[in-house]
Amino acid sequence: MNTKDKENKQNIKKVKAKLTKKEFSRFVVPSLTLARKRLIKDTPVINFNLDDKLKGFGLGKFYLMKTYGCQGNLADSEKMAGILEAMGYQETQDDSVADVIIFNTCAIRENAENRVFGELGRIKNLKTIKKDLLMIICGCMSQEEKVVNMIASKYPQVDIVIGTHNIALLGEYIYEAYTKNSRIIEVFSKEGEIYEEVPMKRASSRRAWVNIMYGCDEFCTYCIVPYTRGKERSRHPQEVIDEVKELVKEGYVDITLLGQNVNAYGKDFVDIKYSFANLLEDLSKTGIPRIRYTTSHPRDLDLETIKVMGKYPNIMPHLHLPVQSGSNTVLKRMNRKYTKEEYLEKVSWLREYVPGISLTTDIIVGFPNESDEDFLETLDLVEKAGFEGAFTFIYSKREGTPAASFPDSISDEVKKERLLQLNEKINEGFLKGNLRFENQILDVLVEGYSEKDPTMLTGYTPHEKLVNFEGTSDLIGKVVKVKIIKAYSWHLRGELV
Ligand code: 5AD
Ligand code: SF4
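Remember, predicted model here, so these are calculated numbers, not experimental data.

1. Remarks on the pairing of strand β6 (residues 134-139)
And step 1. Burial within β6 is extensive, with 6 of its 6 residues counted as buried.
And step 2. With burial as the criterion, each face of β6 is covered, one bearing L134, I136 and C138 and the other bearing M135, I137 and G139.
And step 3. Pairing between strand β5 (residues 100-105) and β6: 6 bridges, direction parallel. Across the sheet, the residue bridging to T105 is G139, located in β6.
And step 4. One ladder, built from 2 bridges, connects β6 with strand β7 (residues 160-162); its direction is parallel.

2. Concerning unusual backbone geometry
And step 1. Cis geometry marks the peptide bond from T294 to T295, where omega comes out at 0°.
And step 2. By the element assignment, T295 lies in the loop between β14 (290-294) and α11 (303-311).
And step 3. Despite not being glycine, N181 shows a phi value in the positive range, around 45°.
And step 4. When you line up the elements, N181 lands in the loop between α7 (170-179) and β8 (183-186).
And step 5. Located in the positive-phi region is N335, a residue other than glycine, with phi close to 65°.
And step 6. Summarising the element assignment, N335 is placed in the loop between α12 (328-333) and α13 (340-353).
And step 7. Classification of N335 as partly exposed rests on a relative accessible area of 27%.

3. Let's talk about the sheet that holds strand β17 (residues 390-394)
Across a sheet, strands are paired by hydrogen bonds formed along the backbone, either parallel or antiparallel in direction.
And step 1. The strand order β15-β16-β17 describes an open sheet built from 3 strands, whose pairing is parallel. Both edges of this open sheet fall to β15 (318-320) and β17, since each of them pairs with a single strand only. When strand polarity is set aside, the average angle formed by the axes of neighbouring strands in this sheet is 5°.
And step 2. Where β15 lies against strand β16 (residues 358-365), 3 bridges are found, and the strand directions are parallel. Following the sheet pairing, H320 is matched in β16 by T360.
And step 3. On the sheet, helix α15 (residues 412-435) packs against β16 and β17 and is oriented at approximately 175° with respect to β17.

Thresholds applied
- Residues numbered from 1 in each chain as written.
- Chains lettered and ligands numbered in written order.
- Predicted model: local features only at pLDDT ≥ 70, side-chain atom pairs only at ≥ 80, totals over all residues.
- Heavy atoms only, no water.
- Buried < 20%, exposed > 50% of the residue type's maximum accessible area, 1.4 Å probe, protein only.
- Helix = DSSP H or I, 4+ residues; strand = E, 2+ residues; numbered from the N terminus.
- Pairing = 2+ DSSP bridges.
- Axes fitted to C-alpha atoms, helices over the stretch in contact; angles between N-to-C directions.
- Contact = heavy atoms within 4.5 Å.

Nothing here speaks to function; it is all geometry.
Shown next as structure tokens:
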């Protein structure tokens, strides 16, 4: 070992010793048992306000945001970025420059969690270079007591752990951790409230996420989300409509309404009667060129919503409708509250009222004791529903959820084999769904240059199909007409008309 290496090693030791000694100024750990409770009828609404002491606190400093998981997390990251920029921080992608690194985490499957722990280990030594670097963990993993206890005891490089319910207070926590030179763990397991007027730094100037509700009350037996995100709570329609009107003014083209189960929107209102179909209809009248929504629950998706989709051309003809399984036995054990036949009936409504609609889905294979027959039912459903894409997963056991204690005698090999078989079928649907657009002229919202081929522009059609074509940078952000010359499994190749 040379002198420089020795010196480095000593430095690391010193910093580690110092980190381990840091006191906690707050220590509130979550509980999955408490997080299961659903007692509050009327959700409190809080208007965000940035305290004077935080304004300018981040001037000359940089933050780096690492986001894992679903669109809900992407939207939360845009809010946290908005708060940090209101404090004066600037964004960086370079972890050696960052003063604050935030991991916005996902708990949906075990491998998502392992990725975060791997990354935490990798960047541990950054603290030897930058002593006052703040490392922050937030998102769904923070809501698990097992994870938080592990971070508290084994990951002294993490300064702040906050949950999904208090991201709006990010600035306060950063201020306290710096000024008191302390560690903070503050994760609430409450049903949750709604924060309005949180500043947002949106990642795109043309496509935007719009949260319409938070939380989930479905309690599918495999899923951790109802515990990590709290009770279903809908934003007031006027707040959503005003946000979309503002996006129209700013030149946004394509918005996606977000919620864990958007079809349950409004069911929690105590003072008004207003449904997801009402909201969709009102938003389509704002003049926004493209509206999408995700995620839908097949049980709550109603005919009224489907009819509204068919009525307004600015509601896009694409729907992600997670089915999870095609077996009625498995669906029952998953607590999905619909049958294969009911799902297919909704698919037929969609095809009737929104001709040419493209449907995608989520499917889990290897749910505890899923039999060969159950799996064949899933393959059959995929065939019948005509999906043009899917996210497919092997079931991952989530501690604290009911399915974690279900007996399971299916081997990992069988589960992997099923996933391969399923993916083959899904890929056929993907290609078939793309082939139908060959020789057609489509409207493409240009996103930028393709990462895979930087000579090509890339963008999305109304059916959410990815199109690559040659063109100049002035087209980025515009909707252009593109003729499709060839369909591939994962994208379409086109020519500017
Ligand atoms: N194991 C595997 N997949 C899961 N999903 C949710 N929980 C689990 C789990 N425990 C999948 C579902 C859901 C998508 C977001 O993630 O298919 O629709
Ligand atoms: Fe999880 Fe089911 Fe809620 Fe979706 S609807 S977030 S799968 S519990």
